[in-house]
Amino acid sequence: MEKPIILLDARNLLYRAIYAAKAEKYNKYHSIVFLLRMISTYIRHFDPVAINVFWDAPRDTVWRKQILSSYKDRANGTYVEDISLDLITCTSICHELFKFLNIRQFAKNNMEADDLIYTATTVLHPKRTIIISSDSDMMQIPFLYSSNSVVDPKNLTINSIPDYNPAMMKAI
């Protein structure tokens, strides 16, 4: 079987690493330790030929926000804890760390990581790709391209392909 290319949503990955580090029994380790553990697990489990990471553009500049001002408006949201400083720090570290680890990074003005991942899968098809993300919007991709799988990052199981187009179902 062809070795896959792993596609990661960087912000999704960082959120998981930061919250793992903040868990009471693990808070002695930095978020980057958890991020490296996750990536190491993905490498061991899937034996990829490459890992690619995709970064979101700043939230205020995203093209959807320009169309719908309330898109991902979290000003009135309630969070258990503000992790924005952790995100800024980890993002800066990861940009440099990923270069060192030979992990390709992609970002584009006004684009979110899920848009970039969709574009990458379109270009890479029919090569085998594994998208590791808890973002349910990613399920649109294997529905369209059978060479792609979306993996649940919590238990590393491949999500089943939906019977109906998730984009259409979300729009209804």
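Look a little higher up for the structure.
Throughout what follows, the structure given in this document is the object of discussion.

What counts as what
Residues numbered from 1 in each chain as written. Predicted model: local features only at pLDDT ≥ 70, side-chain atom pairs only at ≥ 80, totals over all residues. Heavy atoms only, no water. Core = buried A, V, L, I, M, F, W, Y, C linked by side-chain atoms within 4.5 Å. Buried < 20%, exposed > 50% of the residue type's maximum accessible area, 1.4 Å probe, protein only. Helix = DSSP H or I, 4+ residues; strand = E, 2+ residues; numbered from the N terminus. Contact = heavy atoms within 4.5 Å. Phe/Tyr/Trp six-rings, centres within 6.5 Å; stacked < 30°, edge-to-face > 60°. Lys NZ or Arg CZ within 6 Å of the ring centre and 35° of its normal. Patch = residues over 30% accessible without salt bridge, like charges linked within 9 Å, V, L, I, M, F, W, Y side chains within 5 Å. Areas by Shrake-Rupley, 256 points an atom, 1.4 Å probe, with all protein chains shown as cover. Salt bridge = Lys/Arg side-chain N within 4 Å of Asp/Glu carboxyl O. Pairing = 2+ DSSP bridges. Axes fitted to C-alpha atoms, helices over the stretch in contact; angles between N-to-C directions.

### Looking at the nonpolar core
Inference 1: Counting residues in each nonpolar core, the largest one holds 29 residues, and the members touching the most others are Leu8, Leu35 and Phe98.
Inference 2: Among the elements that line this core, the one with the most residues is helix H2 (residues 31-46), at 7 residues.
Inference 3: Those residues in contact with Leu8 that lie beyond four places of it in its chain are Leu13, Ile39, Tyr42, Ile51, Asn52, Val53, Phe54, Ile117 and Ile132.
Inference 4: In this structure, Leu7, Ala113, Leu116 and Ile131 belong to the second largest nonpolar core, which totals 14 residues.

### As for the environment of Ile141
Inference 1: Inspection of the secondary structure assignment puts Ile141 in helix H6 (residues 140-144).
Inference 2: It is 9.1 Å that separates the C-alpha atoms of Ile141 and Pro166, two residues lying 25 residues apart in sequence.
Inference 3: The contacts of Ile141, once residues within four sequence positions are left out, are Ile117, Tyr118, Thr121, Ile131 and Asn148.

### Remarks on the packing of aromatic side chains
A ring pair, where both rings are aromatic, is described by two values, the distance of the centres and the angle of the planes.
Inference 1: Overall, the coordinates contain 5 aromatic pairs when judged by the stated rule.
Inference 2: Relative to Tyr145, the ring of Tyr118 lies with its centre 6.4 Å away and its plane at 45 degrees, an arrangement referred to as tilted. On the criterion of sequence distance, the pair formed by Tyr118 in helix H5 (residues 113-124) and Tyr145 in the loop between H6 and strand S5 (148-151) is long-range, its members being 27 residues apart.
Inference 3: Just above the ring of Tyr29 sits the side chain of Arg37; from NZ or CZ to the centre is 5.2 Å.

### Brief notes about a nonpolar patch on the surface
Inference 1: Taken together, the side chains of Leu36, Phe100 and Leu101 make up a nonpolar region of the molecular surface, amounting to roughly 320 Å² of accessible area.
Inference 2: Along the chain, Leu101 turns up in the loop between helix H4 (84-100) and strand S3 (104-106).
Inference 3: A relative accessible area of 37% places Leu101 in the partly exposed class.

### A look at the sheet that holds strand S4 (residues 129-132)
Inference 1: In space, the 5 strands of this open sheet follow the order S3-S2-S1-S4-S5, with parallel pairing throughout. In this open sheet, the two edge strands, each paired with only one partner strand, are S3 and S5. Between one strand axis and the next, the sheet turns by 25 degrees as a mean value, whatever way the strands run.
Inference 2: Relative to S3, strand S2 (residues 50-54) runs parallel, the two sharing 3 bridges. Paired with Asn52 across the two strands is Arg104, which belongs to S3.
Inference 3: Packing against the sheet, helix H1 (residues 10-22) makes contact with strand S1 (5-9), S2 and S4, and its axis sits at approximately 70 degrees to S1.

### Looking at the pattern of salt bridges
Inference 1: By the definition in use, this model includes 3 salt bridges.
Inference 2: In this structure, Asp47 and Lys3 form a salt bridge, with 3.0 Å as the shortest nitrogen-oxygen distance. Of this pair, Asp47 sits in the loop between H2 and S2 while Lys3 sits in the segment before S1, placing them 44 residues apart in sequence.
Inference 3: Notably, a salt bridge pairs Asp86 with Lys22, separated by 3.0 Å at the nearest N-O pair. Note that Asp86 is positioned in helix H4 and Lys22 in helix H1, a separation of 64 residues in sequence.

### Considerations on unusual backbone geometry
Inference 1: Following His125, the chain continues to Pro126 via a peptide bond in cis, the omega torsion being 15 degrees.
Inference 2: For Asn102, which is not a glycine, the phi torsion comes out positive at approximately 60 degrees.
Inference 3: Looking at the secondary structure, you find Asn102 in the loop between H4 and S3.
Inference 4: Asn102 gets classed as exposed once you look at its relative accessible area, which sits at 67%.
Inference 5: A positive phi angle, close to 60 degrees, is found at Leu156, a residue other than glycine.
Inference 6: By secondary structure assignment, the location of Leu156 is in the loop between S5 and helix H7 (166-171).

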